[in-house]
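Structure at a glance
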Amino acid sequence: MKKHNFSAGPCILPQEVFKEASQALLDYNDSGLSIIEISHRSKDFVDIMEEARSLALELLGLEGKGYKALFLQGGASTQFLMAAYNLLTSKAGYINTGSWSDKAIKEAKLFGKVVEIASSKDANYNYIPKGYEIPDSLDYVHCTSNNTIFGTQIKDFPASNSPLVCDMSSDIFSRQLDFSKFSLIYAGAQKNMGPAGTTLVVVKEDILGKINRQIPSMLDYQVHISKGSMFNTPPVFAVYVSMLTLRWLKQLGGIPAIEELNEKKAKLIYSEIDLNPLFKGFAANEDRSTMNATFTLVNEDLKETFDTMWKEAGINGVNGHRSVGGYRASMYNAMTMESVAALVDVMGDLERKA
Ligand SMILES: *Cc1c(COP(=O)(O)O)cnc(C)c1O
């Protein structure tokens, strides 16, 4: 039986996508060939790459606005350094809202000066800093839109004259934003877009080419742009499945439609966390993520009972990250209301039982 999969990443994808992808693995479009045994230069694959790139821009509302979409390798973790390699000449500002921001800061320091504009490290990142001042003349300002581990999400993005760079790995395509405020967006596929192995990069071309250092080809956005994201062999299967997921999202009505569903799912789980006296939310209420809900048991003695109950209900992947403890329900785009309701039911059953 299919599980209710709350895994934080790699994570749930739409069933339709799994079905179509598994068929393509055996025989792509009745060609007698698997999608992973054909040349990445073949028309079949070039079409897939082009559709994936254009769907990404279309869904984000960035077509014709000077942006390019790339499907690269190396995960969001490579973007931590690639962004700095391509953009950091003297000084960049970083908002530190979690372990992933912290890691991005560490890499950027290899390339120039990093100012930590704001941080919520003092409270184990359970909130999003607000009311901070952004210094002038920064090469860019970097933020993490959704903090996968801690369950916080930026609602108001930093207003700055410097280009805004954002790690959107765990909430890309999940909510409506004015994406044209960002000059560089990156996201590892495995949270909300596809399987692990590719990273979406959306970059405004006019911010590139302004630094003096030599950039190795594989780490140079301009090289990947000039080659149509095919400088070397791309991760063909990961790009294909990401494209199918973007197609699925478009058919559903795009970001506005999925945002509505994501808000309903979040409301369902957070109201249970707030109303059920056995549970306590981790993130500050106003900063709660619609993607990852983090919560703990008020009484740890109930852990064994609760863990047995959710496992019996066919639920997977709700254990919290070790740096927060407790539980984390990741409710990415492909998660249904029914799955969230299944978890909420178990939480309610625990209350009735305890
Ligand atoms: C998972 C995650 C990363 C790391 O992604 P990799 O693709 O594993 O390098 C970075 N940032 C955020 C916000 C994440 O959720």
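In the block above lies the structure referred to throughout.
Before going into details, it helps to say that this report is about the structure given with it. Throughout this description, residue numbers start from 1 for each chain and increase along the sequence as written. For this predicted model, a pLDDT threshold of at least 70 governs which residues receive local features, and a threshold of 80 or more governs which side-chain atom pairs are given and counted, while totals over whole chains, interfaces and linings are taken from all residues. The side-chain values count all of the structure's non-hydrogen atoms but skip hydrogen atoms and water molecules.

Attention now goes to the sheet that holds strand β11 (residues 279-281). What makes two strands pair is DSSP finding at least two bridges between them. Helix numbering and strand numbering both begin at the N terminus, where a helix is a DSSP run of H or I of at least 4 residues and a strand a DSSP run of E of at least 2. Sheet architecture is open: three strands sit in the order β11-β12-β14, paired in antiparallel fashion. The open sheet is flanked by β11 and β14 (327-330), the only strands paired with a single partner. Each strand of the sheet is rotated relative to its neighbour by a mean of 35°, with strand direction disregarded. Two elements, β11 and strand β12 (residues 292-297), share three bridges in a ladder whose sense is antiparallel. What sits directly across from G281, in β12, is F295. As a rule, the C-alpha atoms of each element are fitted with a line to give its axis, helices using only the stretch in contact, and angles between N-to-C directions run from 0 to 180 degrees.

Taken together, the side chains of L25, L26 and I36 define a hydrophobic patch exposed on the protein surface, amounting to about 300 Å² of accessible area. Of note, I36 is situated in the loop between α1 (15-26) and α2 (43-60). Only residues whose relative accessible area exceeds 30% and that form no salt bridge enter a patch; like-charged residues are grouped when within 9 Å of one another, and nonpolar side chains (Val, Leu, Ile, Met, Phe, Trp, Tyr) when within 5 Å. Accessible surface is estimated by sampling points in the Shrake-Rupley manner with a 1.4 Å probe; for residues, cover comes only from the protein chains shown. For this analysis, a salt bridge means a side-chain nitrogen from Lys or Arg found within 4 Å of a carboxyl oxygen belonging to Asp or Glu.

A few words now on the site of the ligand. As a structural note, the neighbourhood of the ligand is formed by 13 residues, with S77, T148, D167, Q190 and K191 the closest of them. Between the ligand and D167 there is a distance of 2.6 Å, counted from a nitrogen atom to a side-chain nitrogen or oxygen. Across the complex, the protein chains shield 88% of the 390 Å² of accessible surface that the ligand would expose by itself. Looking at which element gives the most residues to the shell around the ligand, the answer is helix α3 (residues 75-87), with four residues. Here the term charged refers only to Asp, Glu, Lys and Arg, the term nonpolar to Ala, Val, Leu, Ile, Met, Phe, Trp, Tyr, Cys and Pro, and the term polar to all other amino acids, Gly among them. When grouped by side-chain class, the residues that make up the shell around the ligand number three nonpolar, eight polar and two charged. Put simply, a residue is near a molecule or strand once any heavy atom of it comes within 4 Å of that molecule or strand. Residues adjacent in sequence count toward polar contacts only when both atoms are side-chain atoms; beyond that, a polar contact is any pair of N or O atoms within 3.5 Å, and within protein one must be able to donate a hydrogen and the other to accept it.

Note that Y132 resides in the loop between β4 (113-119) and β5 (141-144). Sequence separation between Y132 and V201 is 69 residues; the distance between their C-alpha atoms is 27 Å. Every residue in contact with Y132, bar those within four places of it in the chain, is listed here: I95, I117, A118 and P158. Here a residue-residue contact requires only that any non-hydrogen atoms of the pair lie within 4.5 Å.

Attention shifts here to the nonpolar core. Of all hydrophobic cores here, the largest spans 86 residues; its most connected members are F6, F173, L200, V202, Y240, I269 and F306. Setting aside anything within four residues of it in sequence, one finds L200 in contact with A56, A69, L70, F71, I172, F173, I185, Y186, A187 and M193. By nonpolar core we mean a set of buried residues, namely Ala, Val, Leu, Ile, Met, Phe, Trp, Tyr and Cys, connected to one another through side-chain atoms within 4.5 Å. Summary of the burial criterion: residues with accessible area below 20% of their type's maximum are buried, those above 50% are exposed, and those between are partly exposed, where the area comes from a 1.4 Å probe applied to protein chains only. The next biggest cluster of nonpolar side chains, apart from the first, holds 30 residues, and it includes L70, L72, M82 and A83.

All right, on to helix α9 (residues 337-353) then. One less than the residue count of a helix, multiplied by 1.5 Å, gives the span that helix is expected to have. For α9, built from 17 residues, the straight-helix expectation of 24 Å at 1.5 Å per residue is met to within 8% by its first-to-last C-alpha distance of 24 Å. For α9, the complete set of buried residues consists of S339, V340, A342, L343, V344, V346, M347, G348 and L350.

Looking at where K191 falls in the secondary structure, it is placed in the loop between β9 (184-188) and β10 (199-204). Buried within the structure, K191 lacks any salt-bridge partner; D167 is the closest side chain of opposite charge, at an N-O distance of 7.2 Å. When sequence neighbours within four positions are dropped, the list of residues in contact with K191 reads A8, G9, C11, T148, S169, S170 and Y332. By the counting scheme adopted, Arg and Lys are positive, Glu and Asp are negative, and His together with the chain ends is not counted.

Strand order across the open sheet formed by seven strands is β2-β10-β9-β8-β5-β3-β4, with mixed pairing between neighbours. Lying at the two open borders of the sheet, with one neighbouring strand each, are β2 (67-72) and β4. Direction aside, neighbouring strands of the sheet carry axes that sit 20° apart on average. Sheet topology note: the β2/β10 ladder contains six bridges and is antiparallel. Bridging from a neighbouring strand, A69 pairs with V202 of β10. α2 contacts β2 and β10 of the sheet and is inclined by roughly 130° relative to β2. Relative to strand β3 (residues 91-96), helix α4 (residues 99-108) is tilted by about 165°, and along the sheet it contacts β3, β4, β5, β8 (164-167) and β9.

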